[in-house]
Amino acid sequence: MKTLLAYLKDYKKESILAPLFKMLEASFELFVPLVMAAIIDVGIANQDKPYIVKMCFVLIALGIIGLVCSITAQYFAAKAATGVGTGIRHGLFEHIQKFTFTEMDQLGTSTLITRMTSDINQIQSGVNRVNMALRLFLRSPFVVFGAMVMAFTVDVKAALVFVVTIPLLSLIVFGIMLVTMPMYKKVQADLDQVLLATRENLTGARVIRAFNKEEDETKRFENANQILTDAQKYVGRISGMMNPLTYIIVNGAIIALIYVGAVRVDIGDLTQGQVVALINYMSQILVELVKLANLIISVTKAAACLNRVESVLAVKPDMNEGDVRWKSNSSEADRDLKNKIPVVFWKLFQYDKTKKYLKEAENYDIVFTNKKSPAGNEPKGESCCPGFLFKHNVRL
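Residues numbered from 1 in each chain as written. Predicted model: local features only at pLDDT ≥ 70, side-chain atom pairs only at ≥ 80, totals over all residues. Heavy atoms only, no water.

A. Representation of the overall build of the protein chain within the structure. Check the secondary structure of the protein chain and you find 14 helices and two strands. The buried share of the protein chain, taken over its 396 residues, is 40%. Taking the contacts inside the protein chain whose residues are at least 6 apart along the sequence as the reference set, 84% of them involve residues at least 24 apart. For the protein chain, the exposed surface amounts to about 22,300 Å²; the carbon and sulfur share of it is 62%. (Helix = DSSP H or I, 4+ residues; strand = E, 2+ residues; numbered from the N terminus. Buried < 20%, exposed > 50% of the residue type's maximum accessible area, 1.4 Å probe, protein only. Contact = heavy atoms within 4.5 Å. Areas by Shrake-Rupley, 256 points an atom, 1.4 Å probe, with all protein chains shown as cover.)

Structural data, given as structure tokens:
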């Protein structure tokens, strides 16, 4: 989360304006049931057509203002999300460039590619929806609890149905979120394995054909793909339980409201318009909780992906950027690089001992030679040496 906050600092204005306009939109939406109740209780009951027309224009005005606020909030949220995604992607790429070959092999090229692409896209989607209370993450709870408050202004006894319903819904939503968050991490890890198998088959296609391993590699890919599919289905089934459970609870609450409202209308404590307003508030809660359920799924994926990206950023490269000036006692003729290959010491390129040997080699001169390596006809490190020289800004 610290990584996300660090990149959000450049978008403070968008992080303030987006939730502000979203709250304005939600506020105007909460007034709609009250206007509908006034139309029923005053306009229709008294057959006052001018009053009905006036209230209809009020509804249109509330809709237009809400639309403008929603578009403005979406603009600022999208701007912040795109900027944060770009910043994290650039920062991660720059950090990966500092890794040694040992660290690249330990982490795995396939998982680094996944975290650079799929994971950051999920983070960007999550930031667009949340972004520290941006858009839906602020709007949905605000509408849910705002509807409950407005219901109490209509009728206290009928509003007790909201007091029972909202905690039950919150328990379901956050319970499913806590269960599925670790599972999404496993899904992304399985995706790494599929990408690894695909990448190895593409880069080693000639070797696979040469050793007649096509069937083995096909089975290996199908196995990794099946594991990913099963994991996604399992998480999807659990996440899919959110919508039907919330529908059952909310529709049960609407039935309870109609029953309580009918009794109170019969004894004269409530009007028909107020009952309609209470049902509209419960319907708003249903719609917002469906949105919130989808948001929770997106945010859960984004949180899992953010943890994966942060785990890469937490890796400290063993080889730091340096500015080493190499001494050379060679003659002017030795400086001519034509047909000559720069070699430091063969032990410099031993795997997983690079840090030790780099430290030992810092005080040695670069030797230009056409001789064979100590291993005989083995390569003399032509591909490693240029990378080492560029890494340490060596000046010859």
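B. Representation of the packing of aromatic side chains within the structure. In the structure shown here, the tally under the stated rule is two aromatic pairs. Geometrically, the ring pair formed by Tyr75 and Phe76 is edge-to-face, given 5.3 Å between the ring centres and 65° between the ring planes. Every member of this aromatic cluster is reached through a ring pair, and the members are Phe21, Tyr75 and Phe76. (Phe/Tyr/Trp six-rings, centres within 6.5 Å; stacked < 30°, edge-to-face > 60°.)

C. Up close: the nonpolar core. In terms of nonpolar packing, the biggest core is built from 50 residues, with Phe162, Leu257, Leu278, Met282 and Ile285 touching the most fellow members. Taken together, the elements giving at least two residues each to this core come down to helix H2 (12–30), helix H7 (136–154), helix H8 (156–203), helix H10 (214–240), helix H11 (242–266) and helix H12 (272–313). For this core, the leading source of residues is H12, giving 15 residues. Discounting chain neighbours no more than four positions away, the residues touching Leu278 are Ala151, Val154, Ala158, Phe162, Leu257 and Leu270. Ranked by size, the runner-up nonpolar core spans 19 residues in total, among them Tyr11, Ile88, Val127 and Val309. (Core = buried A, V, L, I, M, F, W, Y, C linked by side-chain atoms within 4.5 Å.)

D. Highlighting the pattern of salt bridges. The tally for this structure, following the rule as stated, stands at ten salt bridges. With a shortest N-O distance of 3.5 Å, Asp216 and Lys213 are connected by a salt bridge. For Asp216, a relative accessible area of 41% puts it in the partly exposed group. Given the relative accessible area of 39%, Lys213 is considered partly exposed. One salt-bridge network, in which partners are shared between bridges, spans Asp119, Asp192 and Arg308. (Salt bridge = Lys/Arg side-chain N within 4 Å of Asp/Glu carboxyl O.)

E. Spatial organisation of a nonpolar patch on the surface. A cluster of nonpolar residues, Phe152, Val156, Leu160, Val163, Val164 and Leu168, forms a patch on the protein surface that exposes about 490 Å² of accessible area. Of the residues forming the nonpolar patch, the biggest block, five residues, is contributed by H8. Mapped onto the fold, Phe152 is located in helix H7. For Phe152, a relative accessible area of 30% corresponds to the partly exposed category. (Patch = residues over 30% accessible without salt bridge, like charges linked within 9 Å, V, L, I, M, F, W, Y side chains within 5 Å.)

F. Inspection of the environment of Ser140 at higher detail. Note that Ser140 resides in helix H7. Taking the C-alpha atoms as reference points, Ser140 and Val290, separated by 150 residues in sequence, lie 9.3 Å from one another. If sequence neighbours within four positions are ignored, Ser140 has contacts with Glu288, Lys291 and Leu292.

G. Structural view of unusual backbone geometry. Despite not being glycine, Gln47 shows a phi value in the positive range, around 55°. Inspection of the secondary structure assignment puts Gln47 in the loop between helix H3 (32–44) and helix H4 (49–96). Classification of Gln47 by relative accessible area gives exposed; the value is 69%. In the Ramachandran plot, Asn212 falls in the positive-phi region, its phi being about 55° despite a non-glycine side chain. Here Asn212 shows up in the loop between helix H9 (205–210) and H10.

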